[in-house]
Amino acid sequence: MGTVALQEHAPDPALAAAAGVIGPNALIQVAAALKDSHGPAEAAAVFARAGLSRFLDQPPETMVDERFVTALHATLRARLGVAEARAVADDAGVRTAGYLLAHRIPSAAQRVLGVLPPVLAARMLMGSIGAHAWTFAGGGAFTYRADRPVVFSVEGCPLCRDAHAAPGAVLCDYYAGTFRHLFRTLVTPRARVAQTACQAAGAAACTFTITW
Ligand SMILES: [Zn+2]
């Protein structure tokens, strides 16, 4: 049984992690979600305030500096408020998963996952995601336990870096949306993703639980 190939844009994972870069969907899909929910003018204003206008005019085709992703999420929260920023980030995550399903996860692998019991499909999917964590975690450290429930963490999370949230609050819906859509499509439609801890609220890592 093969592994699920999730290909992204930079060839060298070690180099990518060292440089702190992230796949371009982290910017592109936030732009798309923001345009749909708040209109092109607000999207332009957010990207301008974050110093990222050039990426709105010309979507990036290669890995981007993770500091741009951090700045974009901080600006989203500052302009829209936390609740709306979280909704936009979640939608951007869903769109990123849609991109991966359409372009990066081969249909043969998707069929294999579709016939496996959910626990085994989850294990296989998490193995592949773990191997490609450098495409979304930047300089952060991704760890996971592919059991039931699935638990994963990003230590040094680029989404909420330098942010401060109330105790118990969470901010990292971009990951939650991405994993939820991938799991509902490839593992079980009953999958639910909850962020249980966030560095912005003082946790050691941003942690998520996937149940079904
Ligand atoms: Zn977080």
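Just above, that's the structure.
Note that the coordinates shown come from a computational prediction; the quantities given were computed from them, not determined experimentally.

Analysis parameters
- Residues numbered from 1 in each chain as written.
- Predicted model: local features only at pLDDT ≥ 70, side-chain atom pairs only at ≥ 80, totals over all residues.
- Heavy atoms only, no water.
- Pairing = 2+ DSSP bridges.
- Helix = DSSP H or I, 4+ residues; strand = E, 2+ residues; numbered from the N terminus.
- Axes fitted to C-alpha atoms, helices over the stretch in contact; angles between N-to-C directions.
- Contact = heavy atoms within 4.5 Å.
- Buried < 20%, exposed > 50% of the residue type's maximum accessible area, 1.4 Å probe, protein only.
- Core = buried A, V, L, I, M, F, W, Y, C linked by side-chain atoms within 4.5 Å.
- Donors = N, O, S within 2.8 Å, 3.2 Å for Na, K, Ca; no water.
- Tetrahedral: all angles 85-135°; square planar, octahedral: opposite > 155°, others 65-115°.
- Parallel < 35°, antiparallel > 145°, perpendicular 65-115°, else oblique.
- Left-handed = near helix turned anticlockwise from the far one by under 90°.
- Nonpolar A, V, L, I, M, F, W, Y, C, P; charged D, E, K, R; others polar.

### As for the sheet that holds strand E3 (residues 141-146)
- Spatially, the four strands line up as an open sheet ordered E3-E4-E6-E5, and their pairing is antiparallel. Sheet topology places E3 and strand E5 (192-197) at the edges, where each strand pairs with a single neighbour. On average, each strand axis in the sheet is inclined to that of its neighbour by 20°, with strand direction left out of account.
- Sheet topology note: the E5/strand E6 (residues 206-211) ladder contains five bridges and is antiparallel. Directly across from Ala197, in E6, lies its bridge partner Thr207.
- Sheet contacts for helix H8 (residues 118-131): E3 and strand E4 (150-155); angle to E3, the most-contacted strand, approximately 170°.
- Docked against the sheet, helix H9 (residues 173-186) engages E3, E4, E5 and E6, running at close to 150° with respect to E5.

### Some points on the environment of Thr75
- With respect to the element layout, Thr75 can be found in helix H5 (residues 66-80).
- Note on Thr75: relative accessible area 9%, which makes it buried.
- Remark: the alpha-carbon pair of Thr75 and Phe47, spanning 28 residues in sequence, is separated by 8.1 Å.

### What to know about the nonpolar core
- Membership of the largest hydrophobic core comes to 67 residues, with the highest contact counts inside it found for Phe142, Phe179 and Phe183.
- In this structure, Phe142 is in contact with Met126, Ile129, Gly130, Ala133, Phe136, Ala137, Phe152, Ser153, Val154 and Phe179, ignoring residues within four places of it in sequence.

### Brief notes about unusual backbone geometry
- Along the chain, Arg148 connects to Pro149 via a cis peptide bond; the corresponding omega equals 5°.
- Tracing the chain through its elements places Pro149 in the loop between E3 and E4.

### Examining the coordination of the zinc ion
- At this site the zinc ion is bound by Cys160 (SG), Cys172 (SG), Cys198 (SG) and Cys206 (SG), with donor distances of 2.2 to 2.5 Å.
- Around the zinc ion, the four donor atoms are arranged such that angles at the metal cover 94 to 120°; this shape is classified as tetrahedral.

### Considering the packing of helix H2 (residues 25-38) against H5
- Between H2 and H5, the least distance of the axes is 10 Å, while the angle of their chain directions is 20°. Looking at the two axes, H2 sits roughly parallel to H5. In this structure, H2 crosses over H5, and the sense of that crossing is left-handed. Of the residues in H5, those in contact with Ala26, Leu27, Val30, Leu34 and His38 of H2 are Phe68, Val69, Leu72, His73, Leu76 and Leu80.
- Of the residues belonging to the contact of H2 with H5, the class tally is nine nonpolar, two polar and no charged.

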